[in-house]
Amino acid sequence: MNFSEADSVLSQAIGRITPAAQLTIRHKGKLVHAAALGYLDPETRNYPTRLDSLFDLASVTKLYTTTVFMLLVEQGKVSLDTPVRTVLPEFDGLRPIQPYENPLDWGKTVSVSEQTGQVDAGKITFRNLLIHNSGLPAWRPFKDQSDAESALRLALGTFFSYPTGERIVYSDVGLILLGLAVEKLTGSPLDETIHECVTRPLGLESTRYLPVANGPYNTSNIAPTEFCQWRNRRICGEVHDENAWRLGGVAGHAGMFSNAGEVAAFGQSFLDGRLLRRKTIVEMTRQQVQFNLIRRGIGFVLWSPDPDASSNPFSQSTFGHTGFTGTCLWVDPQRELVVALMTDDVYRGREGRGIAPLRVQVHRAIVKCVDAA
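Residues numbered from 1 in each chain as written. Predicted model: local features only at pLDDT ≥ 70, side-chain atom pairs only at ≥ 80, totals over all residues. Heavy atoms only, no water.

Asks: For the overall build of the chain, give the residues involved together with the corresponding values.
Replies: Across its full length, the chain carries ten helices and 17 strands. For a compact globule of 373 residues, the expected C-alpha radius of gyration is about 21 Å, and the chain comes in at 20 Å, within 12% of that figure. Principal-axis analysis of the C-alpha atoms gives the chain an extent of 55 × 45 × 40 Å. When the 373 residues of the chain are sorted by exposure, 58% land in the buried category. Contacts in the chain between residues at least 24 apart in sequence constitute 66% of all its contacts with a sequence separation of at least 6. Split by element, the accessible area of the chain, about 15200 Å² in all, is 47% carbon and sulfur. A distance of 3 Å separates the average location of the 38 positive side-chain charges in the chain from that of its 39 negative side-chain charges. (Helix = DSSP H or I, 4+ residues; strand = E, 2+ residues; numbered from the N terminus. Rg over C-alpha atoms; globule rule 2.2 N^0.38 Å. Buried < 20%, exposed > 50% of the residue type's maximum accessible area, 1.4 Å probe, protein only. Contact = heavy atoms within 4.5 Å. Areas by Shrake-Rupley, 256 points an atom, 1.4 Å probe, with all protein chains shown as cover. Lys, Arg positive; Asp, Glu negative; His and termini not counted. Charge placed at Lys NZ, Arg CZ, Asp CG, Glu CD.)

Asks: Describe the packing of helix α4 (residues 148-156) against helix α5 (residues 172-186), and please don't skip the residues or the numbers.
Replies: For the pair α4 and α5, the least separation of the axes is 10 Å and the interaxial angle reads 115 degrees. The angle between α4 and α5 falls in the class roughly perpendicular. Taken as a pair, α4 and α5 cross one another with a handedness that is left-handed. The residues of α5 that touch α4, namely those facing L152, A155 and L156, are I176, L177 and L180. (Axes fitted to C-alpha atoms, helices over the stretch in contact; angles between N-to-C directions. Parallel < 35°, antiparallel > 145°, perpendicular 65-115°, else oblique. Left-handed = near helix turned anticlockwise from the far one by under 90°.)

Asks: Residues and numbers for the packing of aromatic side chains, please.
Replies: Overall, the coordinates contain eight aromatic pairs when judged by the stated rule. Aromatic pair W230 and W245: ring centres 5.5 Å apart, planes at 85 degrees, arrangement edge-to-face. You can see W230 sitting in the loop between β9 (227-228) and β10 (233-234) and its partner W245 sitting in helix α7 (residues 242-246), a full 15 residues away along the chain. The class of W230 is partly exposed, set by a relative accessible area of 27%. A residue is classified by how much of its surface remains accessible, and W245, at 27% relative accessible area, is partly exposed. Linked through ring pairs, Y64, F266, F270, F300 and F319 together constitute an aromatic cluster. The ring of F324 has R353 lying over it, and the distance from NZ or CZ to the ring centre is 4.7 Å. (Phe/Tyr/Trp six-rings, centres within 6.5 Å; stacked < 30°, edge-to-face > 60°. Lys NZ or Arg CZ within 6 Å of the ring centre and 35° of its normal.)

Right, dumping it as structure tokens:
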């Protein structure tokens, strides 16, 4: 198969939408295409993107946290319908419904429901966290806390933004709590558990949280993200997400780095059943909840009928996730297709970005090629 059209779409985006990009395609269990384009340092062009260059996965990290949690479910240590408070006792009691702080316009708030009243945190289950219908706000300003411990206290004591089950609100807060629960259930730090249970068994040697714990490391092969006004520096080799940074760089919702090849190999594991049992994968990838055009499984975003959604070019059995920095992973079981696209399109800031239509263009070109083969 010749994926030159997909490469051409990406090539035209270099310097216009994103400084750097990687694309890996697996079909019927085999690696059929891998490309690296652009520059890690677009100002000097000293560091061309390589296939082993690392990108900040942002919310694609959530899939690794979810996978570890589902392994614990298989081991009988917890269930999807276990109340969160049984693992995190502090997450309990009646909490008010109110607007939450706007992460993209600091100083303003977001209101998602006309409902008022209270939500009983003690009734929220892990399934609610994983399908994003818990009632939790999308975001809270953990970055403004003095340290990681204070940030976690804010998460455990957070208010709600809508009644449980009323809608889907994609929540970083819920996955932060899930990551904390994994640590409590295993007695180990989240990064160590993901390494032991996911990345090491799959042979993913480069997929990890950064920065590394012991001493300096080379950032020359890591795609930088934006100049962070809050930290007053260009971000490279440390998590872009401010809340994850405040949590020490290791969190359930963000913080992992990898390359397209290893992300695609991780995606392949859901077709091969290498880590999780088949019945577990079926449960994770079936529709658990729908709100408007948003469909969600356990941890996964499912195929959307919205033509502007990056999943739309694939079959209706597709599942995957996107990351705010410009990354995504999609698995199309019907076509036996796995696509991992890494970019750092947030490099020039959060406004006026073109990553959403770029993903759709690239995915359409891939599907066109696969279907014609």
